[in-house]
Amino acid sequence: MRSPRAIQSFILFISLFITSGKGFAQADFTPEWSKGVVWYQIFPERFFNGDRSNDPKVSDQHGAYPFDDSSAFQIHPWTSDWYELQPYEKKNGKNIWFNIQRRRYGGDLQGILDKLDYLQSLGVNAIYLCPIFWSPSSHKYDALTYHHVDPSFGPDPEGDKKLMEKEQPLDPGTWVWTKADLLALRLIEEVHKRKMYIIFDGVFNHLGARSFAFRDVEQRQQASPYKDWFDVVSWRDTAKGIPFEYKGWFGVKTLPELKEDSNGIVAGPREYIFNATKRWMNPMNKGTAFGIDGWRLDVAFNVAHAFWKDWRKWVRSINPEAYLTAELVYPIEQTKPYLQGDEFDATMNYNFAFIMHDFFVQDTTASTVTQFDKQLRELREAFGTGVAYNMQNLMNSHDATRIGTAVANPDGRKFGDWGKYFNWSQKSNNKSYNVRKPTPAQLQKQKLIAAFQLLYLGAPMIYYGDEAGMWGGNDPDCRKPMLWPGMQYDAETHHPDQTTHDPDAVAFNTELFTWYQKFIALRQQYASIRKGDFQTLATDDAQQLYAFRRKLGSEETIVIVNRGHKPVSFTHEALQKKSFRDAFTKKAVTTASVPPMGIAVLLHR
Ligand SMILES: [Ca+2]
Ligand SMILES: [Ca+2]
């Protein structure tokens, strides 16, 4: 999601819904490959600058918030203090929040290619890329096209722009493959070579106001071949003094909504979306092995069900194993219609994050172990087994405060109160929100959360940099440039108002990385963790101890979580009946000792 105003409307909309739900079973319609995988979400502009020759120019952000493409501009120094206005920014006299929106750090596709080794060493095996299609903003949720990658993500921005001028967007036969498009295909190929998967972000509810289609409608009005693509309220009639009016996403005029009728998105844009979908799933008709493995669908709740049903059929006709995950921030009952087998395979599982947040992040207001267990079960059983293994169990994303900062703000708002939490966790809205470096005790909480997430049933998703020790509040602070080993970062010393504080050292956190790596490796090694079933073994509210078993065939994994502040010892008849070993030390265990805010993993094979 994108601009601050849009977010306000979006969260109000979301807040209208309340939680309820009962479990039910249904047939498995989800892909096999995506069950239990470890996702890694990348925000491309901020991941790695692998090519300085393609870095965006200020003119590339024409039409994007904050609508200033004339003030001084340069590529922002990757390793600088986040809240410190750089000399070029000070020249425009605007505050930090204005300036952060016009920053570009130069991340690109070559940067992702360069860091595939890093991702492999972390152990993740599926990548979700935030939008990479051409757009003037840093987040790229305001697409100019769905059929071209942003030229500044590829090796030849100016050459690409000239190539694209020659085509007829309405005729896919004229669509060219730009150098940026071809680099995206190379990325897909490299990912597949490593036995990893990759999905793109499909932002099909709206186009950007600077898109080929909308610009044409603005200029030519009813003479445009795209005249039926948008929700036009009134056509321009200068004689009668009637202005051109149209509907933007939640009123945001830079994001004109694609027109919908009872069948969903109408014929023109539908055909365009279908053609673009195929282009990335079976590029040049070379085969689906050369295409993406699925899609993440932005604001899926703003597009009619009928469209998603038709689109899924199209997608599955191209690649029967494609994975489709929806951005939904709905309680269970409102989520169900999307997960019946004819629309999506999973969602970005914010409901998981809410439950985790209540139990692990909160201290005095934390849920009990019994409540935690009950909420997890309701969610796990709500949509059928196939979906459960496919749900993207995340803690945060580009639209939420980082886990490293959530743990530094316990007992505030509940994450599940999406709208209120959204604003409360934005430093620009809440001066008292703690955006300083997490303390060792807070980091310990993050570790416990990560371990649980990686051992729990589903497909855990890590937001880039959480494993590296990045912190920051909600958008824009959750979109800082990635911390890389070997790069020297300025300490953070600035508050948003440019007053200063004692330094927070900024560097890649090797210890935290190793922790994530270690638990991802367990998941990749043991099928019971990836695809085993789930059974609660203990819910001890007094000691804040939670134990569960994951089982597949004869392989069993027992996980014991100590959320409390005293050491606990745990035993269970399961440990007496069969021989279990500690997953890391390999020592035989009949009674597990778990330190405060610690976790034990026991294996029987
Ligand atoms: Ca670059
Ligand atoms: Ca819509």
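Heads up: the structure comes first, above all this text.
Here is a short report on the structure shown in this document. Everything numeric in this text was worked out from a predicted model, so none of it was measured.

**Let's talk about the coordination of the calcium ion (ligand 2)**
Protein coordination of the calcium ion (ligand 2) is provided by N205 (OD1), E257 (OE), E260 (OE) and N302 (O), with donor distances spanning 2.2 to 2.6 Å. Expressed as a motif, the donor residue spacing for the calcium ion (ligand 2) is N-x51-E-x2-E-x41-N. Of this pair, N205 sits in the loop between strand 3 (197-202) and helix 8 (212-220) while E260 sits in strand 8 (residues 260-261), and the two are 55 residues apart along the sequence. Since its relative accessible area comes to 1%, N205 is described here as buried.

**Points about the pairing of strand 17 (residues 533-540)**
In the sheet, strand 17 pairs with strand 18 (residues 545-552) via 7 bridges, with the strands oriented antiparallel. Counted as the bridge partner of A538 is A547 from strand 18. Hairpin connection from strand 17 to strand 18: 4 residues lie between these consecutive antiparallel strands, with Q544 at a positive phi of about 55 degrees.

**Looking at the pattern of salt bridges**
Tallied over the entire structure, the rule returns 41 salt bridges. In this structure, the salt-bridge partner of R270 is D310, at a minimum N-O distance of 2.8 Å. Of this pair, R270 sits in helix 9 (residues 267-281) while D310 sits in helix 10 (residues 305-318); the two residues are 40 residues apart in sequence, bridging distant segments of the chain. R270 sits in the buried class, given a relative accessible area of 16%. D310 sits in the partly exposed class, given a relative accessible area of 30%. One salt bridge in this structure joins D475 and R479, with 3.5 Å as the shortest N-O distance. Overall, R479 belongs to the buried group, its relative accessible area being 4%. Shared partners join several salt bridges into a network, and the residues in it are D28, E32, K35 and K531.

**Some words on the side chain of H494**
Along the chain, H494 turns up in strand 15 (residues 492-494). A polar contact is formed between the side chain of H494 and the side chain of D81, at a distance of 2.8 Å. For H494, the side chain forms a polar contact with the side chain of T493, separated by 3.1 Å. Excluding residues that lie within four positions of it along the chain, H494 makes contacts with D81, Y83, E84, T499, T500 and H501.

**Focus: the coordination of the calcium ion (ligand 1)**
Note on the calcium ion (ligand 1): its protein donors are N49 (OD1), D51 (O), N54 (OD1), D55 (OD), G106 (O) and D108 (OD). The metal-donor distances range over 2.3 to 2.4 Å. On the primary sequence, the residues serving as donors to the calcium ion (ligand 1) are separated as N-x1-D-x2-N-D-x50-G-x1-D. Of the two residues, G106 and D108, neither departs from the other in class, the shared state being buried.

**As for the pairing of strand 14 (residues 459-463)**
In terms of burial, strand 14 is a largely internal element, 5 of the 5 residues being buried. Going residue by residue along strand 14, you find A459, M461 and Y463 tucked away on one face and P460 and I462 tucked away on the opposite face as well.

**Thoughts on the nonpolar core**
Judged by nonpolar contacts, the single largest core of 173 residues is most densely connected at Y40, W295 and W311. Ranked by residue count, the leading element in this core is helix 12 (residues 350-361), at 9 residues.

**Details of the sheet that holds strand 3**
In space, the 8 strands of this open sheet follow the order 12-11-10-3-2-1-14-13, with parallel pairing throughout. Single-partner strands in this sheet number two, and they are strand 12 (346-347) and strand 13 (392-394). Where strand 1 (residues 39-42) meets strand 14, 3 bridges bridge the pair, whose relative direction is parallel. Of the residues in strand 14, the one forming a bridge with Q41 is Y463. Helix 7 (residues 179-193) contacts strand 2 (126-129) and strand 3 of the sheet and is inclined by roughly 145 degrees relative to strand 3.

**What to know about helix 13 (residues 369-380)**
Here helix 13 spans 16 Å end to end across 12 residues, near enough to the 16 Å set by a 1.5 Å rise per residue. Among the residues of helix 13, V369, F372, D373, L376, L379 and R380 are the ones counted as buried. In an axial view of helix 13, the angular spread of the buried residues amounts to 135 degrees, which keeps them on one side of the axis. Where helix 13 is buried, its residues contact helix 11 (332-335), helix 12, helix 14 (385-390), helix 17 (440-455), strand 17 and strand 18.

**With respect to helix 18 (residues 510-525)**
In a regular helix each residue adds 1.5 Å, so 16 residues correspond to 22 Å; helix 18 covers 22 Å between its end C-alpha atoms and thus fits that length. Measuring from the side-chain oxygen of the N-cap residue of helix 18 to the backbone nitrogen of E511 gives 3.1 Å; that N-cap residue is N509.

**Topic: empty space enclosed by the protein**
With a probe scaled to a water molecule rolled over the atoms, the places where space remains empty come into view. All told, the structure shown has 7 cavities of 30 Å³ or more when counted by the stated rule. If you add up the space inside the largest cavity, you get close to 160 Å³. Residue lining of the largest cavity: 14 residues in total, with K480, P481, L483, E492 and V506 positioned closest to the centre. Residue composition of the lining of the largest cavity, by class: 9 nonpolar, 2 polar and 3 charged.

Calculation criteria
- Residues numbered from 1 in each chain as written.
- Chains lettered and ligands numbered in written order.
- Predicted model: local features only at pLDDT ≥ 70, side-chain atom pairs only at ≥ 80, totals over all residues.
- Heavy atoms only, no water.
- Donors = N, O, S within 2.8 Å, 3.2 Å for Na, K, Ca; no water.
- Helix = DSSP H or I, 4+ residues; strand = E, 2+ residues; numbered from the N terminus.
- Buried < 20%, exposed > 50% of the residue type's maximum accessible area, 1.4 Å probe, protein only.
- Pairing = 2+ DSSP bridges.
- Salt bridge = Lys/Arg side-chain N within 4 Å of Asp/Glu carboxyl O.
- Polar contact = N/O pair within 3.5 Å; in protein donor to acceptor, adjacent residues only side chain to side chain.
- Contact = heavy atoms within 4.5 Å.
- Core = buried A, V, L, I, M, F, W, Y, C linked by side-chain atoms within 4.5 Å.
- Axes fitted to C-alpha atoms, helices over the stretch in contact; angles between N-to-C directions.
- Expected span 1.5 Å × (residues − 1).
- Arc of directions from axis to C-beta.
- 1 Å grid on protein atoms, 1.4 Å probe; cavity = no way out; pocket = protein on both sides within 12 Å on 5 of 7 lines; lining within 4 Å.
- Points joined across faces, edges and corners; volume = space filled by probe spheres on them.
- Nonpolar A, V, L, I, M, F, W, Y, C, P; charged D, E, K, R; others polar.

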